[in-house]
Amino acid sequence: MIDASPVACEEFFSYLEKLFSISINDIRVMIQDFHAEMGKGLSGDESSLKMIPSFIDKPKGTEAGEFLALDLGGTNFRVLTVRLDGKGNANVPFASKFAIPQKDMQGTGVALFDFIVGCIDVFLTENHVDRSKTYDLAFTFSFPVEQTSIAAGKLIVWTKGFTATGVQGHDVILLLNEALRRKDIRCINITALANDTVGTLAARSYIDPACDLGVIMGTGTNACYREAASRIGKLNTVDAHGHMIVNMEWGNFDKVRVTCYDRLLDKASVNPGAMVMEKMVSGMYLGEITRLVLMDLIRRGFILVNETPAAEYFQERGSLKTEDMSRIEGDRTDRLDGVALFFERNGFSNITLHDKILLQRLCRIISTRAARLGAAAISAVLTWIDPKFKDVHTVGIDGSLFEKYPGFKTKMMNVLEELYGEKAERITLVHAKDGSGKGAAIIAAVAASSEAGRV
Ligand code: BGC
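This is a predicted model, so every value here is computed, not measured.

Our focus in this paragraph is the sheet that holds strand β3 (residues 76-85). Spatially, the five strands line up as an open sheet ordered β4-β3-β2-β5-β8, and their pairing is mixed. Of all the strands in the sheet, just β4 (90-99) and β8 (188-194) have a single pairing partner and so form its edges. With direction set aside, neighbouring strand axes in the sheet form an average angle of 20°. In this structure, strand β5 (residues 135-141) lies alongside β8, joined through six bridges in parallel fashion. Bridged to L137 within β8 is I190.

In structure tokens, the structure reads:
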């Protein structure tokens, strides 16, 4: 029987708050688990953290040149030209963005790479690029790739809803080169393959030597950091000197407490059992977790009771997006007019202030957990690099959650302050804009320098 009394509703919300809470104690335990998984991943043992060597070190800031860059990793694909002046400026004279059709995301790899090359062709034509010359190109491919050199690597597994066949287990540079040949495009020389986190670290450290951690908090989540090659046990000894950026693939971290709602989401995903932390933290999933809890609230008769049958409206997967949450949580008006707009758009007309307050509270619960988990993961990496915070650290972060979600950064900073008190001042979280575009070009420039392929 449904008990929809205000007391029962309040009790249920307190339960939800507890269920999704990440205490400072939880975070301390998580940091230890993170370190254990990092150690295992680096030595090549079974670990939820893949810890993938990128075969490149941070830029010095003096790299210069003009590069083409490709950015594949979310709902859009981008082609850019990036000019590096060697003095910290990375300019983008030309850039084009293309929506990736669902049929190419989830069809065959050949179709996906043909789509990519079709976009390159359009870009070259629209920008009157002279095809008789050769251009160095950096490919930001924001998925877990087992790199074997700076310009070679096999896709381990698709994430973020991509399922194109014939790509997993294959060298993505090879696939791209084949597609370029199919279209008879001969003016491109692919010199670098990079994860978006690596691009983000490169983009920020190009202008800020204190940056040693690159993070994405967007559609997906992940981080990379600068590691001593001697600590990467699984590296071939020939490569084990100097420093190298390591792509952690932290979205797959699985030593986290999941709720029944997370389990539901996971079961319905295209990759059940994988990317456990990403499904609790990143923009692709937060709206969906919120929708699943909202459905439960409706079923229990705690919200939208004047709207029958309310549950039907939110039956559809994806009917509540992380962008909606962002607007809902950012609504500071007295009567929550922005929240009302969201409900009205979904066909509701009898919503009460109480409904609006509850939805806003729910969004806050889900986004707070995401921000705290993200900050916990950052703390784990920082204490791995520098346990006593002897140095100052800049964390370059890109992605819409960090950039746009109201209060996200503050919630992350709060965790660092709770953990480290005054020492948290030694950590700066900054928005590193367009790491996957500019950063890729910087990586191509590092690769083109004398240490290319060796760090
Ligand atoms: C991918 C990572 C990527 C992250 C952010 C994850 O789903 O596995 O490689 O860095 O998303 O785009």
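In the region of the ligand, 15 residues are neighbours, and T159, K160, N195, D196 and E249 sit closest. In this structure, an oxygen atom belonging to the ligand sits 2.6 Å away from a side-chain N or O atom of E249. Side-chain polar atom of E278 to an oxygen atom of the ligand: 2.9 Å apart, as the coordinates give it. Bound to the protein, the ligand loses 98% of the 310 Å² it would expose on its own. Spatially, the ligand is embedded in the largest cavity. Listed by contribution, the elements that provide at least two residues to the shell around the ligand are α6 (196-205) and β10 (221-228). The residue inventory of the shell around the ligand, partitioned by class, reads four nonpolar, seven polar and four charged.

Calculation rules
Residues numbered from 1 in each chain as written. Predicted model: local features only at pLDDT ≥ 70, side-chain atom pairs only at ≥ 80, totals over all residues. Heavy atoms only, no water. Pairing = 2+ DSSP bridges. Helix = DSSP H or I, 4+ residues; strand = E, 2+ residues; numbered from the N terminus. Axes fitted to C-alpha atoms, helices over the stretch in contact; angles between N-to-C directions. Near = heavy atom within 4 Å. Polar contact = N/O pair within 3.5 Å; in protein donor to acceptor, adjacent residues only side chain to side chain. Areas by Shrake-Rupley, 256 points an atom, 1.4 Å probe, with all protein chains shown as cover. 1 Å grid on protein atoms, 1.4 Å probe; cavity = no way out; pocket = protein on both sides within 12 Å on 5 of 7 lines; lining within 4 Å. Sits in = over half its atoms within 2 Å of the grid points. Nonpolar A, V, L, I, M, F, W, Y, C, P; charged D, E, K, R; others polar.

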